Amino acid sequence: MKLADKVAIITGAGQGLGRAYAQRLAKEGAKVVVAELNADKGQSVAAEVKGHFVRTDVADEASCNQLAAAALDKFGRIDILVNNAAIFSTLKMRPFWEIPLAEWDQLMGVNVRGVWLASKAVVPQMRKQASGRIVNISSGVVFMGRPNYLHYVASKGAVLTMTRAMAKELGEFGINVNAITPGPVYTEVPRATVTPQQREAMIGAQSIKRAAGTQDLEGTVVFLCSDDAAFITGQTINVDGGMNFH
Ligand SMILES: NC(=O)c1ccc[n+]([C@@H]2O[C@H](COP(=O)([O-])OP(=O)(O)OC[C@H]3O[C@@H](n4cnc5c(N)ncnc54)[C@H](O)[C@@H]3O)[C@@H](O)[C@H]2O)c1
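Just so you know, these numbers come straight off a predicted model, no measurement behind them.

Colleague: Explanation requested: the nonpolar core in the structure shown.
Modeller: Note on soluble globular proteins: their nonpolar side chains tend to be buried together. With 41 residues, the main nonpolar core has I9, V33, I78, L81, V122, M126 and I134 as its most contacted residues. Of all the elements in the fold, those that place two or more residues in this core are β1 (7-11), β2 (31-36), α3 (61-75), α4 (101-111), α5 (113-129), α7 (150-170) and β6 (175-182). With eight residues, the single largest contributor to this core is α7. Contact partners of I9, with chain neighbours within four places excluded, come to V33, A35, L67, A71, I78, I80, L81, V82 and V122. With 28 residues, the next largest nonpolar core counts L3, I10, L25 and I137 among its residues.

Colleague: What should I look at first to understand the pairing of strand β3 (residues 52-55) in this one?
Modeller: Where β2 and β3 come together, four bridges link them in parallel fashion. By the bridge assignment for β3, V33 is matched with H52. Read from β2 through helix α2 (residues 39-48) to β3, the crossover connection turns out right-handed.

Colleague: What am I meant to see in the environment of V54 here?
Modeller: Following the sequence through the fold, V54 ends up in strand β3. What makes V54 buried here is its relative accessible area of 5%. Here V54 is in contact with V33, V34, A35, E36, Q66, L67 and A70, once residues within four sequence places are set aside.

Colleague: Teacher, can you tell me more about the sheet that holds strand β4 (residues 80-83) here?
Modeller: Pairing between the strands of a sheet comes from backbone hydrogen bonds, and it takes one of two forms, parallel or antiparallel. What the seven strands build is an open sheet, ordered β3-β2-β1-β4-β5-β6-β7; its pairing is parallel. The sheet is open, and its two edges are formed by β3 and β7 (236-239), each paired on a single side. On average, adjacent strands in this sheet sit at an angle of 20° to one another, irrespective of strand direction. Relative to β4, β1 runs parallel, the two sharing three bridges. Note that in β4 the partner of A8 across the bridge is I80. This element, α3, spans β1, β2 and β3 of the sheet and lies at about 160° to β3. Sitting on the sheet, α5 touches β1, β4, β5 (132-137) and β6, and the angle it makes with β4 is about 175°.

Colleague: It is not clear to me how the pairing of β1 should be interpreted in this structure. Could you clarify?
Modeller: Every regular strand shows the same layout, with side chains that alternate between the two sheet faces. Most of β1 is tucked away, with five of its five residues classed as buried. The two faces of β1 match: V7, I9 and T11 on one face and A8 and I10 on the other face are all buried. The sheet contact formed by β1 and β2 spans five bridges and is parallel. Note on β2: the bridge partner recorded for I9 is V33.

Rules used in this analysis
Residues numbered from 1 in each chain as written. Predicted model: local features only at pLDDT ≥ 70, side-chain atom pairs only at ≥ 80, totals over all residues. Heavy atoms only, no water. Core = buried A, V, L, I, M, F, W, Y, C linked by side-chain atoms within 4.5 Å. Buried < 20%, exposed > 50% of the residue type's maximum accessible area, 1.4 Å probe, protein only. Helix = DSSP H or I, 4+ residues; strand = E, 2+ residues; numbered from the N terminus. Contact = heavy atoms within 4.5 Å. Pairing = 2+ DSSP bridges. Right-handed = clockwise from strand over helix to strand, strands pointing away. Axes fitted to C-alpha atoms, helices over the stretch in contact; angles between N-to-C directions.

Geometric values such as these leave the question of function open.
Shown next, in the form of structure tokens:
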């Protein structure tokens, strides 16, 4: 139980990796707040982890403020924020010159502004506590320059660089901010962002030649939220089976 009684908000925890983080953090003793746009999925994960569901749109400032208030009301403190929500599995792959403007803006609103707004909402409480952990989920695509979803790649680059600036701004308040860059991870959610041929090619490019599952990512989130990572901030941990070295 590395996170006994820590209060952890996980955004986008209704499915896929966020759901796995919720399950694992709960196993490590955390009280989990499932912050998810899809109410049915969010409620069902909250029931699985005996946590608390707050319907949240991370792109919306009032919704993020309401999330922080609800977490505080329910559990009395906020120790951990995992900025996991993103527009990802629903993305259609296409050359950047075919991406509609509205889709670009919507994605940036969730994947970039959402990380800022959710962090902005919890920081006052973390500052009061003089402690907190923020884990931002970026992506290995920032090292791969993966084609055909330029808005997504740009958004994850922003998440990585925001992590560094946030770490500098929050260090003196006892708040650590780190990023994880997962390589391709296969969850229960089907997606069009990886064709079967691309899946095989990417596994071939890894040093460890097997597909990653959610269990390969969870431990890094736990570590970054644990006391063992007390002196680590502004860093990026690349969890991709040794595909890219940077
Ligand atoms: N699966 C991978 O291969 C992979 C690789 C690298 C990085 N990532 C990143 O990991 C995270 C999770 O990936 P996943 O595969 O589980 O994605 P996913 O698309 O399956 O899940 C995303 C979740 O976020 C929620 N969400 C979307 N918009 C939201 C909003 N405005 N407010 C709140 N919640 C919202 C969705 O409803 C969904 O539950 C994402 O940040 C993704 O970019 C995933």
